[in-house]
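Residues per chain, in single letters:
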Amino acid sequence: MKHYQVLVIGGGTAGIMVSSQLKKENASLSIGLVEPAKTHYYQPAWTLVGANTYNYEDTARPMASLIPAGVDWIQDYATGFDPDNNKLHCKEGDYTYDYLVVAPGIKIDCSLVEGLSEAIDKGVVCSNYTDPKHTWKVLQNFKGGTALFTQPTTPIKCGGAPQKIMYLAADHFKKTGLKDKTDIVFASPGSKIFGVKPIAETLMKVVDRKDIHLRFGHRLVKVDGPNQIAWFEMADHKSLYNENSNAKIEEKDGLVGIHYDMMHLAPPQTAPDFVKNSVLASEAGWVDVNIETMQHVKFPNVFSLGDVAKLPTAKTGAAIRKQAPIVVESILRLMKGQDISAKRYNGYSSCPLVTGYGKMALAEFDYKNNFIPDPKLKQMLVFDSAKEHWRLWILKKYMLPYLYWNYMMKGKQV
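Nothing here was measured: the structure is a model prediction, and the numbers come from that model.

S.K.: With reference to specific residues and values, describe the environment of V34.
M.R.: Secondary-structure assignment places V34 in strand β2 (residues 31–34). Considering only alpha carbons, one finds V34 and A78, 44 residues apart in sequence, at a separation of 7.0 Å. Residues in contact with V34, not counting those within four places in the same chain, are L7, V8, I9, G10, G11, I74, D76, A78, L88 and C90.

S.K.: I'd love a proper account of the pairing of strand β16 (residues 255–259), names of residues and values included.
M.R.: Across the 5 residues of β16, 5 count as buried, placing the element largely inside the fold. Across 4 bridges, the pairing between strand β14 (residues 229–241) and β16 is antiparallel. Looking across to β16, one finds that F232 is bridged to V256. By the bridge criterion, 4 bridges tie strand β15 (residues 249–252) to β16 in an arrangement that is antiparallel. Note that in β16 the partner of K252 across the bridge is L255. Once β15 ends, the chain turns through 2 residues before running back antiparallel as β16, passing D253 with a positive phi of about 55 degrees.

S.K.: Any chance you could break down the packing of aromatic side chains for me, citing the residues and the numbers?
M.R.: Summed over all chains, the structure comprises 12 aromatic pairs. With a centroid separation of 6.4 Å and an interplanar angle of 55 degrees, the aromatic rings of Y402 and Y407 are classed as tilted. For Y407, a relative accessible area of 31% corresponds to the partly exposed category. Judged by centre distance (5.2 Å) and plane angle (80 degrees), the ring pair of Y404 and W405 falls under edge-to-face. Within the aromatic cluster, the residues linked to one another by ring pairs are Y41, W46 and Y56.

Thresholds, definitions, all that
Residues numbered from 1 in each chain as written. Predicted model: local features only at pLDDT ≥ 70, side-chain atom pairs only at ≥ 80, totals over all residues. Heavy atoms only, no water. Helix = DSSP H or I, 4+ residues; strand = E, 2+ residues; numbered from the N terminus. Contact = heavy atoms within 4.5 Å. Buried < 20%, exposed > 50% of the residue type's maximum accessible area, 1.4 Å probe, protein only. Pairing = 2+ DSSP bridges. Phe/Tyr/Trp six-rings, centres within 6.5 Å; stacked < 30°, edge-to-face > 60°.

Below is the structure:
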């Protein structure tokens, strides 16, 4: 049974960043990183892949090229925890640790919507979360009718992503002469387009400009793939915006069905099973941590960050960029017998909201949904990032991928 000073679960953004930054601060640390996948994907670009403005192949790098020098890559599946004995169970064996960082990411769970597993990524049903190349095929083959876009009730990676592809699709339909033949419907369980007021104001202007029909309070519970009907439960706050839609609607057994000619889904997402069913998890299944320090509420030598952590903010790489340095500094301080970092995480997250080809707004916010633009970025852009601008599109398509591969993944501060 091998022992590590720091054992990291997950070779995604959070796991690589923490490992890289720890090694930069102390090259002598023994660090093990548990990750079975051989390929690492820059998933924020999958929105652009689905609209044929980014190459899928460019989102992938071999995992081996990203594992920091001096970090042991444990190509295995984590299966369970024994935090009382500082032990991690893996498929091929157990490992012990002084400190554990839990960052395995999030699980796509289509089983939470009846019929979704059978329908997704087939025919006219697509998702940038699972197969963005199929999304582009669906958009190419679409000849008009109802284009339905949905959002689940669960937390998801980048809560704005279900809207981004919708805005890009609207531009594509206009370019191909399908705008007047198409009803774009966005069905969401929420009660507003976005939780940050300045961003919501911008997006509602986009919705009006693109003639998108909003359906709030719609909880997707069933997909009838053969008949192309999405079935929804209605919340108390159900409401319609841009009601004049030609989409065919029917009611049955207390549900409302929307007939679609294409549908893009953000599938339900949960913590991985080995986390959800463990002693580290909260009642909702996420790793139960202090939201300001990312330290586990019961086990002080366990930290968690990224998508799997119980943090009431958007699950994005931008959030991890702020979380990772705090976790790293806290672990290094604990190793020296000091109190954990005085720095506290305020819930900062960022969502680049693509509003069309060549346009984007940038949502930056904290736990309280305050709009908090990054001072350095604000100085560089010299305009209100809550508004649409082509410079933000350049940031999304070119600058952010460069910073991701060359800075974030190498443990450099951005």
